[in-house]
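Descriptive structure summary
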Amino acid sequence: MQPRLPASPTSATPTSAAQRQTVSYLQRRLAEVGIRPKTKYGQNFLVDLNLLELLANSAGVEPADVVLEVGTGTASLTEQLAERAVHVVTCEVDSQMFVLASERLGNRDNVTIVRNDILHNKNRLNPDVLAVVREHVSRHRDGRFRLVANLPYNVATPIISNLLLADDLVPASMTVTIQKELADRIVARPSTKDYNSLSVWMQCQCDIEIVRVMPPSVFWPRPKVHSAIVSIVVNPEKRAAIPDLGYFHAFTRAIFFHRRKFLRSELLSAFKRRLDKPAVDQLMAETAIGPQARAEELDVATILRLCENTRVRVGDLRL
């Protein structure tokens, strides 16, 4: 059984949401219960209430929607989401924060707080957490499933990337705060330094917008980098145009494995013993790609065509 933490200080006037989100309040409250923010969990709390509301508002949550939040923290965002959604599943890996958030959320019947890691490993989401989400999504079929979270930097990429692989639980949207460097990679264009396999993977399925760039000063403790609120809306037509999402995911990662190498060499390495040099040259010619091209120079549409031409030639085997 989890130990109960000391209750919030009582006063004649209840503490408002804005007061609970200040640095001084958070420092005092966490000190009272013997908690220090943990770097390993990426615990940087958003302490600008206007930006917290912008994050919640940008998600477009409707009354019938089910929301997944990763990193409950002090439950400031959780409370806002609970006012908007039919149900919120919020995931917290830190046992002390789990207890603190549980007491703050009280008996809200439309919030389920799960003490668990959202990741099973870096390539797979935790099936136990997903099972809880599926349960509530199945109960509320009139709404949509959304991810809304102030994501810890160290788990942001595998979360947003792997959710697009969960065929039966793909979110309608993901509205998240992430490291600005990651946001730049997600929206990067070909032939730029930030363009990589993640750029292609996200853009081939989603419509993406950087809503707001945020300085370190709006978080406590302050991170060393800027952050961004990003709106990622899954586009069903884009997803439907990809015959095999799992194959495309593996294919894209393979051709960007050494981003500065020629694409011809990357294809030969990825499909050794299945494609020889003449076959690779023919694939590239069929896709109107020059022999000196690199993956980082190709737009999303061209990579999609190359992937499908390759899949047809070598079969449905995973890379």
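Everything discussed here concerns the structure shown above.
Here the structure is a predicted model, which is why all the values come from computation and not from measurement. (Residues numbered from 1 in each chain as written. Predicted model: local features only at pLDDT ≥ 70, side-chain atom pairs only at ≥ 80, totals over all residues. Heavy atoms only, no water.)

**Re the overall build of the protein chain**
Operational definition: Helix and strand assignments follow DSSP, with helices taken as H or I runs no shorter than four residues and strands as E runs no shorter than two, numbered in order from the N terminus. Radius of gyration here uses only the C-alpha atoms, and the compact-globule reference equals 2.2 Å multiplied by the residue count raised to the power 0.38. Buried, partly exposed and exposed residues are distinguished by accessible area as a fraction of the type maximum, computed with a 1.4 Å probe on protein chains only: under 20%, between the cut-offs, and over 50%, respectively. It only takes one pair of heavy atoms within 4.5 Å for two residues to be counted as in contact.
Assigned secondary structure in the protein chain consists of 14 helices and 11 strands. Its C-alpha atoms give the protein chain a radius of gyration of 22 Å, near enough to 20 Å, the size a compact globule of 319 residues would have. Its C-alpha atoms give the protein chain principal-axis dimensions of roughly 80 × 40 × 35 Å. Looking at the 319 residues of the protein chain, the share that counts as buried comes to 49%. Within the protein chain, counting contacts between residues at least 6 apart in sequence, those at least 24 apart form 68% of the total.

**Focus: helix α8 (residues 180–187)**
Since the α-helix turns once every 3.6 residues, residues separated by three or four places project in the same direction. Rules: Regarding the arc, it is the one traced by the directions from the helix axis to the C-beta atoms.
Residues L182, A183 and I186 constitute the buried set of α8. Seen end-on, α8 carries its buried residues on one side only, within an arc spanning 100°. Structurally, α8 contributes buried residues whose contacts are with α7 (156–163), β8 (173–179), α9 (197–203), β9 (206–214) and β11 (227–234).

**Describing the pairing of strand β4 (residues 111–115)**
This is how it is decided: In this description, strands pair whenever DSSP reports at least two bridges between them. Whether a crossover is right-handed comes down to one check: with the strands pointing away from the viewer, does the path from the first strand over the helix to the second run clockwise; if it does, it is right-handed.
Strand direction decides the pairing type here: strand β3 (residues 87–92) and β4, joined by five bridges, are parallel. Within the sheet, the bridge partner assigned to V88 lies in β4 and is V111. Handedness of the β3-helix α5 (residues 95–105)-β4 crossover: right-handed.

**Remarks on the packing of helix α3 (residues 49–58) against helix α4 (residues 76–84)**
To keep it simple, the criterion reads: Interaxial angle, 0 to 180 degrees, is taken between N-to-C directions of lines fitted to C-alpha atoms, where a helix line uses only the stretch in contact. For classification purposes, an angle smaller than 35 degrees is called roughly parallel, one larger than 145 roughly antiparallel, one from 65 to 115 roughly perpendicular, and anything else oblique. Two helices crossing with the near one rotated counterclockwise from the far one by less than a right angle form a left-handed crossing, whereas a clockwise rotation gives a right-handed crossing. Only Asp, Glu, Lys and Arg are considered charged, only Ala, Val, Leu, Ile, Met, Phe, Trp, Tyr, Cys and Pro nonpolar, and every remaining residue, Gly among them, polar.
At their nearest, the axes of α3 and α4 sit 10 Å apart, and the two run at 40° to each other. As the angle between them shows, α3 and α4 are arranged oblique. The way α3 lies across α4 gives a crossing that is right-handed. Taken together, the residues of α4 that come into contact with α3 (itself represented by L49, L52, E53, L55, A56 and N57) are S76, L77, Q80 and R84. When grouped by side-chain class, the residues that make up the contact of α3 with α4 number five nonpolar, three polar and two charged.

**Quick notes on empty space enclosed by the protein**
How we decide: Here the term cavity refers to a set of points on a 1 Å grid, laid over the protein atoms alone, in which a 1.4 Å probe fits but cannot get out; the term pocket refers to an open set having protein on both sides within 12 Å along at least five of seven lines, with lining residues being those that place an atom within 4 Å of a point. Grid points are joined across faces, edges and corners, and a volume is the space filled by probe spheres set on the points.
With the rule as written, the count across this model stands at one cavity of 30 Å³ or more. In this structure, the largest cavity occupies an estimated 60 Å³ of space. Contributing to the lining of the largest cavity are G42, N44, N150, L151, P152, Y153, F219 and S227. Class assignment for the residues of the lining of the largest cavity results in four nonpolar, four polar and no charged.

**Comments concerning the pattern of salt bridges**
Put simply, the rule is: A side-chain nitrogen of Lys or Arg and a carboxyl oxygen of Asp or Glu constitute a salt bridge if their distance falls within 4 Å.
The final tally for this structure, using the stated rule, is 15 salt bridges. A salt bridge links R29 to E32, with the nearest nitrogen and oxygen atoms 3.4 Å apart. Here E32 and R29 lie together in helix α2 (residues 23–32), a separation of three residues that amounts to about one turn. Looking at R29, the relative accessible area reads 6%, which means it is buried. Assessed through its relative accessible area of 37%, E32 is described here as partly exposed.

**Here's the deal with the sheet that holds β9**
Strand order in this open sheet of seven strands is β4-β3-β2-β7-β8-β11-β9, and the pairing throughout is mixed. Of all strands in the sheet, those with a lone pairing partner are β4 and β9, marking the two edges. Pairwise comparison of adjacent strand axes, ignoring direction, gives a mean angle of 20° for this sheet. Of the pairings in the sheet, the one linking β8 to β11 comprises seven bridges and is antiparallel in character.

**A word on the packing of helix α11 (residues 245–255) against helix α12 (residues 263–270)**
At their nearest, the axes of α11 and α12 sit 9 Å apart, and the two run at 125° to each other. Relative to α12, the element α11 is oriented oblique. The handedness of the crossing between α11 and α12 comes out as right-handed. Packed against α11, whose contacting residues are F251, A254 and I255, the element α12 presents L263, E266, L267 and A270 at the interface. For the contact of α11 with α12, the residue count by class is six nonpolar, no polar and one charged.

**Let's talk about helix α6 (residues 127–139)**
Definition in use: One fewer than the residue count of a helix, multiplied by 1.5 Å, yields its expected span.
The end-to-end C-alpha distance of α6 is 18 Å, a good match for the 18 Å that 13 residues give at a rise of 1.5 Å each. Among the residues of α6, V129, L130, V132, V133 and H136 are the ones counted as buried. Angularly, the buried residues of α6 cover 155° about the axis, an arc narrow enough to put them on a single face. The outward face of α6, more than 90 degrees from its buried face, is lined by the exposed residues D128 and R139. Where α6 is buried, its residues touch β2 (66–70), β3, β4, β6 (124–125) and β7 (145–150).

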